[in-house]
Amino acid sequence: MKFALATANKGKIEEMRNILSSLGIEVVTRDELDIDIEIEETGTTFAENARLKAIAICKLSNMPSIADDSGLVVDALNGEPGVYTSSYGGENLTAKERYEYLLENMKNMEQKSAKFVCNIVCVFPSGKELIATGECNGSIATIPIGESGFGYDPIFIPDGYKKTMAELSSDEKNAISHRGKALNNFVELLRLSKASGECV
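Residues numbered from 1 in each chain as written. Predicted model: local features only at pLDDT ≥ 70, side-chain atom pairs only at ≥ 80, totals over all residues. Heavy atoms only, no water.

In space, the six strands of this open sheet follow the order E2-E1-E3-E4-E5-E6, with mixed pairing throughout. Every interior strand has two partners, whereas the edge strands, strand E2 (26-28) and strand E6 (156-158), have only one. Across the sheet, the mean angle from the axis of one strand to that of its neighbour is 40 degrees, orientation sign disregarded. Pairing geometry for strand E1 (residues 2-5) and strand E3 (residues 65-74), over two bridges, is parallel. Across the sheet, the residue bridging to Ala 4 is Ser 65, located in E3. (Pairing = 2+ DSSP bridges. Helix = DSSP H or I, 4+ residues; strand = E, 2+ residues; numbered from the N terminus. Axes fitted to C-alpha atoms, helices over the stretch in contact; angles between N-to-C directions.)

This paragraph deals with the environment of Gly 127. Note on placement: Gly 127 falls in the loop between strand E4 (113-123) and strand E5 (129-140). When its relative accessible area of 48% is taken as the criterion, Gly 127 is described as partly exposed. As a C-alpha pair, Gly 127 and Cys 58 span 69 residues in sequence and 9.5 Å in three-dimensional space. (Buried < 20%, exposed > 50% of the residue type's maximum accessible area, 1.4 Å probe, protein only.)

In this section: the side chain of Ser 70. Assignment of secondary structure puts Ser 70 in strand E3. One polar contact links Ser 70 to Asp 68, side chain to side chain, over a distance of 3.2 Å. There is a polar contact of 2.7 Å between the side chain of Ser 70 and the side chain of Arg 179. What Ser 70 contacts, discounting residues up to four positions off in sequence, is Lys 12, Phe 46, Thr 85, Val 117, Cys 118, His 178 and Arg 179. (Polar contact = N/O pair within 3.5 Å; in protein donor to acceptor, adjacent residues only side chain to side chain. Contact = heavy atoms within 4.5 Å.)

We now examine the packing of aromatic side chains. What the rule picks out here adds up to four aromatic pairs. Ring geometry for Phe 116 and Phe 156: centres 4.5 Å apart, planes at 55 degrees, overall tilted. Pair noted here: Phe 116 is in strand E4 and Phe 156 is in strand E6, with a separation of 40 residues, a long-range link. In this structure, Phe 116 and Phe 156 share a single accessibility class: buried. (Phe/Tyr/Trp six-rings, centres within 6.5 Å; stacked < 30°, edge-to-face > 60°.)

The subject of this paragraph is the pairing of E4. Counting buried residues along E4, nine of its 11 residues qualify, which places the element largely inside the surrounding structure. As paired strands, E3 and E4 are joined by 10 bridges and run antiparallel to one another. Its bridge partner lying in E4, Ser 65 is registered against Val 123. From the end of E4 to the start of E5, which pair antiparallel, there are five residues, and Gly 127 there has a positive phi angle of about 105 degrees.

With that out of the way, let us pick up helix H3 (residues 95-105). Listing the buried residues of H3 in full gives Arg 98, Tyr 99, Leu 102 and Leu 103. The arc that holds every buried residue of H3, seen down its axis, measures 135 degrees, which confines them to one face. On its buried face, H3 sits against E3 and E5. (Arc of directions from axis to C-beta.)

Moving on to a negative patch on the surface. A cluster of acidic side chains, namely Asp 31, Asp 34, Asp 36 and Glu 38, defines a negative patch on the protein surface. With respect to the secondary-structure elements, Asp 36 resides in the loop between E2 and helix H2 (46-61). Asp 36 gets classed as exposed once you look at its relative accessible area, which sits at 74%. (Patch = residues over 30% accessible without salt bridge, like charges linked within 9 Å, V, L, I, M, F, W, Y side chains within 5 Å. Areas by Shrake-Rupley, 256 points an atom, 1.4 Å probe, with all protein chains shown as cover. Salt bridge = Lys/Arg side-chain N within 4 Å of Asp/Glu carboxyl O. Lys, Arg positive; Asp, Glu negative; His and termini not counted. Charge placed at Lys NZ, Arg CZ, Asp CG, Glu CD.)

Here we take up helix H1 (residues 10-22). End to end, H1 covers 18 Å across 13 residues, agreeing with the expected 18 Å (1.5 Å per residue, within 8%). Looking at H1, one finds that the buried residues are Lys 12, Ile 13, Glu 15, Met 16, Ile 19 and Leu 20. In this structure Asn 9 caps H1, since a side-chain oxygen of it lies 2.9 Å from the backbone nitrogen of Gly 11. Gly 24, located one to two residues past H1, shows a positive phi value of around 85 degrees. (Expected span 1.5 Å × (residues − 1).)

The structure is reproduced here in structure tokens:
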């Protein structure tokens, strides 16, 4: 069974394709399906936004579609940027400008705890839905370090590490990341659903 990926983010596509292929799942991208649409993310939670994207791509592709919505939740910023992670600080900022804006907002704050959260939603043409969650706890670095990954990786230090996400190899990151955990949980839900004959 092939799955359509709802994301258009190249970093996410590479990460999700790597993880899912290692778990035996074949995926195709929106580009490969010639689907070029802007999906408005009007949800107030990660799960709601992921569901909106999965439903839209499922309808257009007539394939089971996997969408994720994820973001950074910073305790000292009352949960920001949260569902607005990708637009934090303004729509036209680069990824570097976004994490610099976040660091500026935290400049005088002692509390550094944060977590990455990911919700995966898979919608089937039959209407069946699977929802999985993953989290990666950690803290915000004082300065950005590292060249790997994308987004806020250069300023996020996972619990148990002295390096930022951007200093980890892709294998190291996938083993502990919020997206990696959510995708593993999704694959387990898919396995159980298939075994019970529910997945069509």
